[in-house]
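Below are the chains, spelled out letter by letter.
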Amino acid sequence: MLNKYQNIYFLGIGGVGMSGLAGWCIENKYTVLGYDRNDNYFTSKLKEKGALIHHDICTEKIPKKSLDVKTTLVVYTPAVQKDHGLYFFFRERNFTIIKRSELLREIASDYNVIAIAGTHGKTTISIMLSHILISSGYAPNAFFGGVSKNYQSNFLIGKSNYMIVEADEFDKSFLQLEP
């Protein structure tokens, strides 16, 4: 599904999960655009990598290159309500709109997924397991619910067929995964 899009617009790009997915998309040569109400650590890092991010709900602030319904996929976080002005803008123009968990499912479908579940410790265990695999000669791909101090990132792009993800219970998004 992803290969038919050139642009990916993230509605709520500044969260840890969304920014990791946006970073992965940049590294995989997609044009990343998005909105978040505030500038933060994650939006600053994404802007440094070339993401076009705005912080105003005004639709005139949406980068023009993301306005083609055929080449732009819209991804939103459940933190963004469906009555949000930008969500409404894209829905009214018939853009394909998917949840963050659906994009993660799409990306992860090409990998052998190791999903870390639980109510506490998912980020710590995901980072520890990634580090163990890297130290053992594997090069896993991973998405973290925080920033790894070892790798200064909330995602890893490796060369192996393994992907480590957090099986997040919020909004039942873990049901999108096939570990």
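Bear in mind that the values here come from a model prediction, so they are computed numbers and not experimental data.

On a plain count of helices and strands, the chain comes out with five helices and nine strands. Ordering the α and β elements of the chain from the N terminus gives β-α-β-α-β-β-α-β-α-β-α-β-β-β. Taking 2.2 N^0.38 as the reference for a compact globule, 179 residues should give roughly 16 Å; the C-alpha atoms of the chain span a radius of gyration of 16 Å, in line with that estimate. Along the three orthogonal principal directions, the C-alpha set of the chain runs to about 50 × 30 × 30 Å.

A few words now on unusual backbone geometry. Not every positive phi belongs to a glycine, and lysine 29 is a case in point at roughly 70°. The phi dihedral of glutamine 152 is positive, around 50°, even though this residue is not glycine. Relative accessible area serves as the criterion here: at 54%, glutamine 152 is assigned to the exposed category.

Note that threonine 123 resides in helix α5 (residues 122-135). Residue class for threonine 123 comes out partly exposed when judged on its relative accessible area of 22%. With 30 residues separating them along the chain, threonine 123 and arginine 93 place their C-alpha atoms 37 Å apart.

A word on the layout of surface pockets. In this model, the largest pocket occupies a volume close to 560 Å³. Put simply, the parts of the chain that give the lining of the largest pocket at least two residues each are α1 (16-27), α4 (100-108), β7 (141-148) and β9 (162-166). Of the residues forming the lining of the largest pocket, the biggest block, five residues, is contributed by α1. Looking at side-chain class alone, the lining of the largest pocket contains ten nonpolar, nine polar and five charged residues.

With four of five residues buried, strand β2 (residues 31-35) is to be regarded as a mostly interior element. When β2 meets strand β3 (residues 52-54), the two strands line up parallel, connected through three bridges. Bridge pairing in β3 links leucine 33 to leucine 52.

This part covers the sheet that holds strand β8 (residues 153-156). Pairing is mixed in the open sheet, where four strands are placed in the order β6-β9-β7-β8. Only two strands of the sheet have a single neighbouring strand rather than two, namely β6 (112-116) and β8. When strand polarity is set aside, the average angle formed by the axes of neighbouring strands in this sheet is 20°. Two elements, β7 and β8, share three bridges in a ladder whose sense is antiparallel. Looking at β8, one finds that phenylalanine 143 is bridged to phenylalanine 155. Contacts from α4 reach β6, β7 and β9 within the one sheet, and its direction differs from that of β9 by about 165°.

Our focus in this paragraph is the sheet that holds strand β1 (residues 7-11). Backbone hydrogen bonds hold the strands of a sheet together, and the pairing may be parallel or antiparallel. Within the open sheet, the five strands sit side by side as β3-β2-β1-β4-β5. Their pairing is parallel. Bordering the open sheet on either side are β3 and β5 (96-99), each of which pairs with just one other strand. Recorded for the sheet is a direction-independent mean angle of 20° between the axes of neighbouring strands. In the packing of α1 onto the sheet, contacts are made with β1, β2 and β4 (72-76), and the angle to β1 comes to roughly 170°. Here helix α3 (residues 85-92) sits on the sheet and contacts β1, β2, β3, β4 and β5; the angle it forms with β1, its principal contact strand, is near 145°.

Moving on, we get to α1. Look at α1: 17 Å from first C-alpha to last across twelve residues, which is about the 16 Å you get at 1.5 Å a residue. Looking at α1, one finds that the buried residues are Met18, Ser19, Gly20, Leu21, Ala22, Gly23, Trp24, Cys25 and Ile26. Where α1 ends, the next residue or the one after it, lysine 29, has phi of about 70°, a positive value.

What counts and how
- Residues numbered from 1 in each chain as written.
- Predicted model: local features only at pLDDT ≥ 70, side-chain atom pairs only at ≥ 80, totals over all residues.
- Heavy atoms only, no water.
- Helix = DSSP H or I, 4+ residues; strand = E, 2+ residues; numbered from the N terminus.
- Rg over C-alpha atoms; globule rule 2.2 N^0.38 Å.
- Buried < 20%, exposed > 50% of the residue type's maximum accessible area, 1.4 Å probe, protein only.
- 1 Å grid on protein atoms, 1.4 Å probe; cavity = no way out; pocket = protein on both sides within 12 Å on 5 of 7 lines; lining within 4 Å.
- Points joined across faces, edges and corners; volume = space filled by probe spheres on them.
- Nonpolar A, V, L, I, M, F, W, Y, C, P; charged D, E, K, R; others polar.
- Pairing = 2+ DSSP bridges.
- Axes fitted to C-alpha atoms, helices over the stretch in contact; angles between N-to-C directions.
- Contact = heavy atoms within 4.5 Å.
- Expected span 1.5 Å × (residues − 1).

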